[in-house]
Each structure stands twice: as C-alpha cells, then as structure tokens.
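So you can see what is in the structure, the chains are spelled out below.
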Amino acid sequence: MSSYGFATKAIHAGQEPDSATGAIIIPIYATSTFVQERPGVHKGYEYSRSGNPTRSALESCIAQLEEGVAGFAFASGLAAESVIIDTLPKGSHIIATDDLYGGTFRLFDKVKRELQDLEITYVDMTDESAVVRAIRSNTRLIWVETPTNPLLKIIDLEKIAAIATEHRLISVCDNTFASTYLQRPLTLGFDLVVHSATKYLNGHSDIVAGLIVARQDDAVTQRIRFLQNAIGSVLSPFDSFLLLRGLKTLTVRMEAHCANALAIALHLEAHSKVRQVLYPGLPASPYHGVATRQMKGYGGMVSFYLHGGAEETQRFLREIRLFALAESLGGVESLIEVPALMTHASIPAEIREQLGISDTLIRLSVGIEELDDLLHDLDQALAKLN
Ligand code: P1T
C-alpha cells in the first residue's frame, strides 16, 4: 500500500475484502468476545476492548495515511489526548501551544495538573525561540496544535520537531484542524499525531472519535498500546465502521472545504462590515508562508471579527440561516460559533482576552455546500448590521 497515493490509501488501506464472505466493506464486528480453541489459542482476537477487527482495520488505515507505524482508536479526541498525557511520569512539565481547543486546555489544567502534578507552560509557538526558553529540567513533551483553534495560527512543525529531537522531548501534534490530507506531522519528525476524528476525518458529524498515530514503535508507543486496553476508552465497532467510511472521501471533501473557505475568506476580507479575517490562505496572513510550505491547502476553518461589539455579533448570528449555530467542525455542513461563549468558554476570560478570543470573534467551519449559497447567506446577514 505504501507505494499508492493518498486517495487510494484512504479507500483501501487496512481493508482487505472479508476472508469469510468476500464482503468488499469491512463488516461491523458487533461482538464483545471471540471463541478460543484452547486457552490463549485464537484467531488474533480475544476481547473487543483489547482488539476488534473493525477497529483494527481503522487503526491500520490511519497509521498508513499518517505514514506512521501504529494507530490507536479511542471514544473521543479527548480520550486519546488523555492517554498520551498518561504516558508521562508524575511531575512532568509540558510545553503547549497557547491557542488550543478549550477542552484540551481543560483536560490539562483541570484534570492532569492535579492528578499527575503536571506543570504546563503555554507558549506562542509561532516564535520558536520561546519554546526553547520554556524548556526546564523536567520538561518531557511539546504539544502543538496547528492550525490553532480558534485563531488559526500556523506553527512551523519542522522547527518544533528539531527542538524536540535536540532536547529529547516527545513531540505531539494535534492534527485535527488540518486533517491527515493537508498535513502529515510524522513525516516532519513528530513522534505522535492525535486527532479529534469527530471532525474532518469522519466528516459527517455523526460520531465522536479520537485517533493516535505513532512514528515509531518505541517505549511511548508501547505504553499507549498498553493504556488503550488497560484504561479501555476505545472506539466501538460501529463508530470504527463509520469512520472508515468517512475516510474514503477525505480527499475530495478536503479539496472542497479548502476551495469554499478560501473564497469565503477573500469575500469577507473585502467586506466593509468585517474588521479582520483570520485565514492562513490569505496572502496578507502572517502565517501564509509557513502554511504554504507545510500544508497541501489552507483548510476549511475561517475566523473573523465584525466591526462593532458583542451586540452586532449576536445580531449577525440571529440573521444567519445556512450556517448552523453549533460547536464542532469538519462536517460537510457549514457551522458557525462564538468560541468565547461556546467551545472555549472553559478558558479563563483574562487568558482569552490576552489571546484575542473576544466575544466578537466568530468561527466558521465552512462546509461543502454550493459556494454561492454560503456567500449569499453571509451577505444577507451582514447587510442587516449597522
Ligand atoms: O470532541 P473530541 O472528539 O473529544 O475532540 C476534542 C478536540 C481535540 N482537538 C481539537 C483541535 C479539537 O478541535 C477538539 C474538539 N473541538 C471542538 C468540539 C470544537 O468545536 O472546536
């Protein structure tokens, strides 16, 4: 499979036709346990928390797509993230991107900090020297999210991987916003990739799922394998099936998301009611150069500020029709939200304010509907503002 292109692997990797029936699609192995011939003698599966054929196919597929050696599927993105942090010894220090999904911040700050005595430094990683300055004697891991959620900053993965290698730190990239199609951090030297597969990888807003892929089968990877079974926050066979199905169209969906998002970002940038647009695909973006080098496209997420205050923003949300007001992203349908009040409400107000995640920041997950319909919807809502 490794000699095939991405679109081919997304459809076939890890998915041989079913040996018993010839079924072209991997069946949903809805079984909790597997018959053994004698104790310990079986066909490779013994209990579905430890391993299930539908989940194995998914894990093999994502490992090949990310160009790693092992994949692990979890019941949510946060469950996957939690297991990565659980591999660290107590009292570890981690350096994390300052602009992060609110739930990741909550996991680090409200759960792991207390339970594992975790120390965390949040750094603007668009300045790599700040990462080096943050390293301490107990630093174990660098956690990168790029594009960041919700400010869409782009972090230079090659430079961060080099710092991690030099200082013998584990490097983790949350690849949710880019998706495996647009960016493959393991090929740039990262140790682990984590996904909220709820988003682009599945693409249809009908499951919650998480994935980890490892670049090499080292001690950390072996610990993840152990913890996946020992903790048991695994993805169900049915959700594994849906995710495998979603991955088959990742290539065409991402191309469509990128095309619509770029057109919308350019349109908003030129609109008199819009103060600022954050999108790495805009030539004026400070991250345009790194994004062009690092990504195959600029993604489907667009954030922007309207002129005016929170009231104007609320008015805009009331007027918009086709974009649904909802958390999450990466589905075929377009969504809109206010991070400060929704996905990032768990981040303290003063930190949000420092970063620029104000009540007037609007985040779009641009879907793959007809572009003209999306532009028309934005225009009619903007026209209602003062
Ligand atoms: O929701 P879950 O599958 O547990 O994944 C959490 C997660 C992890 N990483 C990133 C970058 C994410 O964006 C998310 C979830 N984010 C949203 C629900 C959101 O609307 O931003």
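Please refer to the structure higher up on the page.
Definitions and cut-offs
- Residues numbered from 1 in each chain as written.
- Predicted model: local features only at pLDDT ≥ 70, side-chain atom pairs only at ≥ 80, totals over all residues.
- Heavy atoms only, no water.
- Pairing = 2+ DSSP bridges.
- Helix = DSSP H or I, 4+ residues; strand = E, 2+ residues; numbered from the N terminus.
- Contact = heavy atoms within 4.5 Å.
- Axes fitted to C-alpha atoms, helices over the stretch in contact; angles between N-to-C directions.
- Near = heavy atom within 4 Å.
- Polar contact = N/O pair within 3.5 Å; in protein donor to acceptor, adjacent residues only side chain to side chain.
- Areas by Shrake-Rupley, 256 points an atom, 1.4 Å probe, with all protein chains shown as cover.
- 1 Å grid on protein atoms, 1.4 Å probe; cavity = no way out; pocket = protein on both sides within 12 Å on 5 of 7 lines; lining within 4 Å.
- Sits in = over half its atoms within 2 Å of the grid points.
- Nonpolar A, V, L, I, M, F, W, Y, C, P; charged D, E, K, R; others polar.
- Buried < 20%, exposed > 50% of the residue type's maximum accessible area, 1.4 Å probe, protein only.
- Phe/Tyr/Trp six-rings, centres within 6.5 Å; stacked < 30°, edge-to-face > 60°.
- Lys NZ or Arg CZ within 6 Å of the ring centre and 35° of its normal.
- Parallel < 35°, antiparallel > 145°, perpendicular 65-115°, else oblique.
- Left-handed = near helix turned anticlockwise from the far one by under 90°.
- Points joined across faces, edges and corners; volume = space filled by probe spheres on them.

Draft legend 1. How the structure looks around the sheet that holds strand β12 (residues 361–365). Spatially, β8-β9-β12-β11-β10 is the arrangement adopted by the five strands of the open sheet, whose pairing is mixed. Each having just a single partner strand, β8 (274–278) and β10 (324–325) make up the two edges of the open sheet. The sheet contact formed by strand β9 (residues 301–306) and β12 spans five bridges and is antiparallel. Considered in β12, the bridge of Tyr305 is made with Leu361. Sheet strands touched by helix α12 (residues 310–319): β9, β10, β11 (335–337) and β12. Its angle to β9, the strand with the most contacts, is close to 130 degrees.

Draft legend 2. The sheet that holds strand β5 (residues 170–174), seen in detail. Spatially, seven strands are ordered β1-β7-β6-β5-β4-β2-β3 in an open sheet, and the strand pairing comes out mixed. Each end of this open sheet is capped by a strand with a single partner; those strands are β1 (70–74) and β3 (119–123). Geometrically, the sheet is characterised by an average inter-axis angle of 20 degrees between neighbouring strands, direction not taken into account. Both strand β2 (residues 93–97) and β3 contribute to a ladder of five bridges, which runs parallel. Residue pairing across strands places Ile95 opposite Thr121, the latter belonging to β3. Contacts between helix α2 (residues 53–65) and the sheet are confined to β1 and β7 (210–214), with β1 contributing the most and set at about 130 degrees to the helix. The sheet contacts of helix α4 (residues 102–115) involve β2, β3 and β4 (139–145), and relative to β3 the element is tilted by about 155 degrees.

Draft legend 3. Broad picture of the site of the ligand. As a matter of local geometry, the ligand sits amid 20 residues, with Asp174, Ser196, Thr198, Ser328 and Arg363 nearest to it. The side chain of Asn149 places a nitrogen or oxygen atom 2.9 Å from an oxygen atom of the ligand. Within the complex, 93% of the 480 Å² of free accessible area of the ligand lies under protein. One can see that the ligand is located within the second largest pocket. Here the shell around the ligand gets three residues from one element, more than from any other, and that element is helix α3 (residues 77–86). Looking at side-chain class alone, the shell around the ligand contains six nonpolar, eight polar and six charged residues.

Draft legend 4. Highlighting the side chain of Ser171. Take Ser171: it is sitting in strand β5. Accessibility expressed as a relative area gives 1% for Ser171, which makes it buried. Once residues lying within four places of it in the same chain are set aside, the contact partners of Ser171 are Ile142, Ala164, Gly189, Phe190, Asp191 and Leu192.

Draft legend 5. Highlighting the packing of aromatic side chains. A complete count under the given rule lists seven aromatic pairs for this structure. Ring centres of Phe238 and Phe241 lie 6.5 Å apart, and the angle between their planes is 20 degrees; this geometry places the pair in the stacked category. One end of the pair is Phe238 and the other is Phe241, both in helix α9 (residues 237–248) and three residues apart, which spans about a single turn. When the ring centre of Tyr305 is taken as reference, the NZ or CZ atom of Arg275 above it lies at 4.7 Å.

Draft legend 6. Structural context of the packing of α3 against α4. At a minimum axis separation of 11 Å, α3 and α4 run at an interaxial angle of 45 degrees. Relative to α4, α3 is oriented oblique. As α3 runs across α4, the sense of the crossing is right-handed. Residues Leu78, Glu81, Ser82, Ile85 and Asp86 of α3 touch α4, and the partners they reach there are Gly103, Thr104, Arg106, Leu107, Phe108 and Lys112.

Draft legend 7. Structural view of the side chain of Thr180. Secondary-structure assignment places Thr180 in helix α7 (residues 179–182). A polar side-chain atom of Thr180 sits 2.8 Å from a polar atom in the side chain of Glu66. Those residues in contact with Thr180 that lie beyond four places of it in its chain are Phe6, Ile62, Leu65, Glu66, Asn175, His195, Leu201 and Leu250.

Draft legend 8. Local environment of empty space enclosed by the protein. Enumeration over the complete set of coordinates arrives at two cavities of 30 Å³ or more. Approximately 40 Å³ is the volume found for the largest cavity. For the largest cavity, the full set of lining residues is Gln15, Ile25, Ile26, Phe241, Leu244, Arg245 and Lys248. Partitioning the lining of the largest cavity into residue classes produces four nonpolar, one polar and two charged. If you go around the second largest cavity, the residues you meet are Pro147, Leu152, Phe177, Pro280, Tyr298, Gly299, Gly300 and Met301.

Draft legend 9. Region of the structure containing the environment of Arg49. Topologically, Arg49 is positioned in the loop between α1 (6–12) and α2. Taking relative accessible area as the criterion, Arg49 reaches 33% and is therefore assigned partly exposed. When residues no more than four places from it in sequence are discounted, the contact partners of Arg49 are Arg55, Asn229, Gly232 and Val234.

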